[in-house]
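# Chains, contacts and geometry: an overview
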Amino acid sequence: MPHDTELPVTLFALGTPHGLDQLAWVVAGQLAARNAPWLSVECIRDPLRLGVISSSGPLLSILDTTLDDLPESPLWRYRWPELPVATARPVSSHAVDLRYALELAAGLQRLPPVVLVYALSAARWAEPQPTLPPDQFLREVADRLLEDLRLQRRHPENARTGPVFSPGGWACIETTRQQTG
Amino acid sequence: MAARQSERIKTIRVDALARVEGEGAFTIRLRDHRVEDVQLRIYEPPRFYEAFMRGRAATEAPDITARICGICPVAYQMSAVRAVEKIYQIHVPPEIRALRQLLYCGEWIESHSLHIYLLHAPDFFRAESALALAKSSPELRQHIERGLRMKRHGNEIVEMIGGRAVHPINVKVGGFYRVPTREELQRLLPDLRWGRDAAIETAKWVASFDFPDFTDDYEFVALQREDEYAILDGVVCSNKGLRIREEEFPDHFREEQVPHSHALHSRKVSNGEAVPGSDRFAGCYQVGPLARWNLNRAMAPEIARQVEADLPVRFPTANPYQSIVARSLEVLTAFDTAIKLIEAYEPPASPSVPFEPRSGTGAAITEAPRGMLYHRYTTDDRGILTEVTIIPPTSQNQLRIEKDLYLIAPRLVELPEEDACWEAEFAIRNYDPCISCATHFLKLQIERQ
């Protein structure tokens, strides 16, 4: 295993410039601004893009937004192929869901050994009175995500599915809000 | 009595179509192996675009109608701007027209590549999906990889000219908000040249498939031009002698409601009336790649005609399963046309043509990936829409799809349920119907009485 500083990580932020779907791109923009030399960030719209990538390291990470109200933490790490939701209609000419796109990319032998899918819950963020102001919330998410990627890339083979904000998750954010209040 | 007792009623019903676009289903009812009825049911809720656009400015039409479809928003934008520009008597310069054609080529490439590789090709291998296909052999895996890359390059054209790949935002009545520089477009050329070669390989590959032996006496309808493979405009032609202007479309085609579908059915009529003594499928016709290639292949780029000449499939063909070959030749046409347009590109003096709103009625048809897309608008003197009619290609193909199912139904009844379901869906997928967001798994039910 090479030294951890040598392990590059690619993060694909999946989304569009619209509404809640842009959250992953906003976080990606903040990550890019952190100047982590080991992290390469790219915003993509089409999950099928994963079928033509050339992964440069042992770890590929994806950030996507979900409308599900995730338990404990607004940001969850899933180690593929563990993904919580399978849509009934995975492929059509309008949309290809992430799970199917990843399966296809794996079938095309495009994926590195470890793929982490980070799910960012927009559910509470979108509430009439969000837990945190949006920009502050997303900065917090970017910080936690960067820290998690830094940890996971050291031993990607040990990566597991679980909440990124822990312990306490949402409560932790609430505490942050009160402190910065 | 005895005969009646021995009568057997069988209903083949698929509640959710797979690898097509949208919420659709179909039912085939047979009595003693005789087809009683065939219904392609589109149960996706109606979206009322034509109603809620009334009262909006005509200049909003390109962006509003683009939202009708995630895979062919360019088609909606092109039909919309052309219809409004007819009302406002706007004549865009050739440079603007060339950019619109290029944008449309990008949409054809992405839409067709996706359908060929991910939605339709698996049928010819009896594979559940492109994923299963990719896993089945290294050679097939390479084909799928090629398709994904082709699609990506189509997306890149749309993104470059339209501002973004999905629901582009750069199209406006009179032209564009911004036009790309020559250098920006030329950066696309290496990938497009790769795509042209890949499209040739695609055509050879899909033409080698085993096609079910099925033909009918189709009426193929498409736009036609004498100087190019028609995408943006033309006269409406058919292989049965039809030749009309866009404005005459309502005189020859009529939309009607049917109880089993939320989508209107379109059929060809004579002077606005149904053909006397006609059967249920009278006036059905086909639009889309097969219709276009059958009618217009002489206007295709030379490279596409050369490739076609060496294929084992002969055109014109009345076998709808060979639509995948026509689609592949259109991808080749789109790549080649895009390359030539970029090589010849000179930015227009201005991104758009100024205009003043006025009252009037304008109709326009462009060739969406799935076939002719008709828009007709009426505005008042402030440029506010007072009437809107939009007829998408799937509405036009619906009756023809039902007739195909009607014709293959007697064969289906002899098949095991799973195979019958597969065969029927296969026939539907020939048309790449766009209903909206598709399903993957099917529930087939055969009712016996």
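Look a little higher up for the structure.
Residues numbered from 1 in each chain as written. Chains lettered and ligands numbered in written order. Predicted model: local features only at pLDDT ≥ 70, side-chain atom pairs only at ≥ 80, totals over all residues. Heavy atoms only, no water.

Before going further, it helps to examine the overall build of chain A. Along its length, chain A carries four helices and six strands. Counted from the first residue to the last, chain A has its helices and strands arranged as β-α-β-β-β-α-β-α-β-α. Restricting to contacts in chain A with at least 6 residues of sequence separation, those with at least 24 account for 81%. Accessible surface for chain A amounts to roughly 7,900 Å². Of this, 51% is attributable to carbon and sulfur atoms. (Helix = DSSP H or I, 4+ residues; strand = E, 2+ residues; numbered from the N terminus. Contact = heavy atoms within 4.5 Å. Areas by Shrake-Rupley, 256 points an atom, 1.4 Å probe, with all protein chains shown as cover.)

Now for the packing of helix α5 (residues 94-124) of chain B against helix α13 (residues 323-343) of chain B. All names here are of chain B. Taken N-terminus to C-terminus, the directions of α5 and α13 make an angle of 150°; their axes are 8 Å apart at the nearest point. The angle between α5 and α13 falls in the class roughly antiparallel. Crossing of α5 against α13: the hand is left-handed. The residue makeup of the contact of α5 with α13, split by class, is 15 nonpolar, eight polar and two charged. (Axes fitted to C-alpha atoms, helices over the stretch in contact; angles between N-to-C directions. Parallel < 35°, antiparallel > 145°, perpendicular 65-115°, else oblique. Left-handed = near helix turned anticlockwise from the far one by under 90°. Nonpolar A, V, L, I, M, F, W, Y, C, P; charged D, E, K, R; others polar.)

Attention now goes to the sheet that holds strand β5 (residues 114-121) of chain A. Residue and element names in this part refer to chain A. Ordered by their spatial adjacency, six strands build an open sheet running β2-β1-β3-β5-β4-β6, and the pairing between neighbours is mixed. If you trace the sheet from one side to the other, it starts and ends with β2 (39-44) and β6 (162-163), each paired once. Pairing between strand β3 (residues 59-66) and β5: eight bridges, direction parallel. Directly across from Thr-65, in β5, lies its bridge partner Leu-120. Those strands touched by helix α3 (residues 134-152) are β1 (9-14), β2, β3, β4 (75-79) and β5, and its axis lies near 165° from that of β5. (Pairing = 2+ DSSP bridges.)

As a further point, take empty space enclosed by the protein. All names here are of chain B. Applying the stated criterion to the full structure yields one cavity of 30 Å³ or more. Quantified by volume, the largest cavity comes out at close to 50 Å³. Looking at the lining of the largest cavity, the elements with two or more residues in it are α11 (289-296) and α13. Taken together, the residues of the lining of the largest cavity break down into five nonpolar, five polar and three charged. (1 Å grid on protein atoms, 1.4 Å probe; cavity = no way out; pocket = protein on both sides within 12 Å on 5 of 7 lines; lining within 4 Å. Points joined across faces, edges and corners; volume = space filled by probe spheres on them.)

To continue, consider the nonpolar core. In this structure, Leu104(A), Leu102(B), Tyr104(B), Leu118(B), Val325(B) and Tyr377(B) are the most contacted members of the largest nonpolar core, which totals 127 residues. Among the elements that make up this core, the one with the highest residue count is α5(B) (15 residues). Among residues more than four places away in sequence, those in contact with Leu102(B) are Ile157(B), Ile161(B), Leu185(B), Ala338(B), Leu341(B) and Ile342(B). (Core = buried A, V, L, I, M, F, W, Y, C linked by side-chain atoms within 4.5 Å. Buried < 20%, exposed > 50% of the residue type's maximum accessible area, 1.4 Å probe, protein only.)

Turning next to helix α4 (residues 73-88) of chain B. Residue and element names in this part refer to chain B. Counted at 1.5 Å a residue, the expected span for α4 with its 16 residues is 22 Å, and the 22 Å between its end C-alpha atoms agrees. In terms of burial, α4 is a largely internal element, 15 of the 16 residues being buried. Directly after α4, the chain includes Gln-89, whose backbone phi takes a positive value near 55°. (Expected span 1.5 Å × (residues − 1).)

Now for the packing of aromatic side chains. For any pair of aromatic rings, the description rests on two quantities: the centre-to-centre distance and the angle between the ring planes. Residue and element names in this part refer to chain B. If you walk through the whole model with that rule in mind, you get 19 aromatic pairs over all chains. For the ring pair Tyr-88 and Phe-355, a centre distance of 5.4 Å and an interplane angle of 25° mean the geometry is stacked. In this pair, Tyr-88 is assigned in helix α4 and Phe-355 in the loop between α13 and β11 (360-368), connecting sequence segments 267 residues apart. You can call Phe-355 partly exposed: its relative accessible area is 25%. Plain terms: the ring middles of Phe-249 and Phe-253 are 4.5 Å apart, the flat faces sit at 20° to each other, and that makes the pair stacked. A relative accessible area of 1% means that Phe-249 is categorised as buried. Each member of the aromatic cluster is reached from another via a ring pair, and the members are Tyr-117, Phe-124, Phe-125, Trp-205, Phe-209, Phe-211, Phe-214, Tyr-321 and Phe-426. One cation-aromatic arrangement involves Arg-149 over Trp-194; the distance from NZ or CZ to the ring centre is 3.9 Å. (Phe/Tyr/Trp six-rings, centres within 6.5 Å; stacked < 30°, edge-to-face > 60°. Lys NZ or Arg CZ within 6 Å of the ring centre and 35° of its normal.)

All names here are of chain B. Spatially, three strands are ordered β6-β7-β8 in an open sheet, and the strand pairing comes out antiparallel. In the strand order of this sheet, the two ends are held by β6 (221-224) and β8 (243-244), each with one partner. The sheet strands contacting α11 are β6 and β7 (235-238), and the helix crosses β6 at an angle near 55°.

What follows covers helix α15 (residues 417-429) of chain B. Helical geometry: 3.6 residues make up each α-helical turn, so side chains three or four residues apart lie on a common side. In this model, α15(B) (13 residues) spans 18 Å end to end at C-alpha, consistent with the 18 Å of a helix rising 1.5 Å per residue. Those residues of α15(B) lying buried are Ala420(B), Cys421(B), Trp422(B), Glu423(B), Ala424(B), Glu425(B), Phe426(B), Ala427(B), Ile428(B) and Arg429(B).

Turning to the pairing of β1(A), a few remarks are in order. Residues and elements named next belong to chain A. With six of its six residues buried, β1 lies for the most part within the structure. Of the two faces of β1, the one holding Val-9, Leu-11 and Ala-13 and the one holding Thr-10, Phe-12 and Leu-14 are both buried throughout. Taken together, β1, helix α1 (residues 23-33) and β2 constitute a β-α-β crossover, and its handedness is right-handed. As defined by bridge partners, β1 adjoins β3 across five bridges and the pair is classed as parallel. Among the inter-strand pairings, Val-9 is bridged to a residue of β3, identified as Leu-59. (Right-handed = clockwise from strand over helix to strand, strands pointing away.)

Before going further, it helps to examine the pattern of salt bridges. Residue and element names in this part refer to chain B. Under the counting rule described, the total for this entry stands at 47 salt bridges over all chains. The salt bridge partner of Asp-404 is Arg-400, with a shortest N-O separation of 2.7 Å. In this pair, Asp-404 and Arg-400 are both assigned in helix α14 (residues 393-412), four residues apart and thus about one turn of the helix distant. Pair check on accessibility: Asp-404 and Arg-400 agree, each one buried. Look at the salt bridges and you will find they share partners, linking Arg-82, Lys-86, Arg-245, Glu-246, Glu-247 and Glu-248 into a network. (Salt bridge = Lys/Arg side-chain N within 4 Å of Asp/Glu carboxyl O.)

Let's shift gears to unusual backbone geometry. Cis peptide bonds are those with omega within 30 degrees of zero, and the linkage from Trp80(A) to Pro81(A) qualifies with 15°. At Gln109(A), a position not held by glycine, the phi torsion is positive, near 60°. Within the secondary structure, Gln109(A) is located in the loop between α2 (98-107) and β5. Residue Gln109(A) is classed as exposed on the basis of its relative accessible area of 57%. The backbone of Arg126(B) shows a phi angle near 55°, a positive value even though the residue is not glycine. Counting through the fold element by element, Arg126(B) comes out in the loop between α5 and α6 (130-136). The class of Arg126(B) is partly exposed, set by a relative accessible area of 42%.

We now examine the side chain of Thr378(B). All names here are of chain B. Turning to its location among the elements, Thr-378 is positioned in strand β12 (residues 371-379). Among the polar contacts made by the side chain of Thr-378, one reaches the side chain of Thr-361 at a distance of 2.9 Å. Those residues in contact with Thr-378 that sit more than four places away from it in its chain are Gly-360, Thr-361, Ile-384, Leu-385, Thr-386 and Glu-387. (Polar contact = N/O pair within 3.5 Å; in protein donor to acceptor, adjacent residues only side chain to side chain.)

As a further point, take the packing of α4(B) against α5(B). Two measures define how a pair of helices packs: the angle their axes make with one another and the distance between the axes. Residue and element names in this part refer to chain B. Direction vectors running N to C along α4 and α5 enclose 150°, while the axes themselves pass 9 Å from each other. Classified by the interaxial angle, the pair formed by α4 and α5 is roughly antiparallel. Between α4, through Pro-73, Val-74, Ala-75, Met-78, Val-81 and Glu-85, and α5, the contact on the second element is made entirely by Arg-100, Leu-103, Tyr-104 and Glu-107. In the contact of α4 with α5, the residues fall into seven nonpolar, no polar and three charged.

Turning to the state of the cysteines, a few remarks are in order. Disulfides are covalent bonds that connect the sulfur atoms of two cysteines. This structure, assessed with the given rule, holds zero disulfides over all chains. Between Cys284(B), a cysteine without a disulfide, and Cys237(B), which holds the nearest cysteine sulfur, the sulfur-to-sulfur distance is 19 Å. (Disulfide = S-S within 2.5 Å.)

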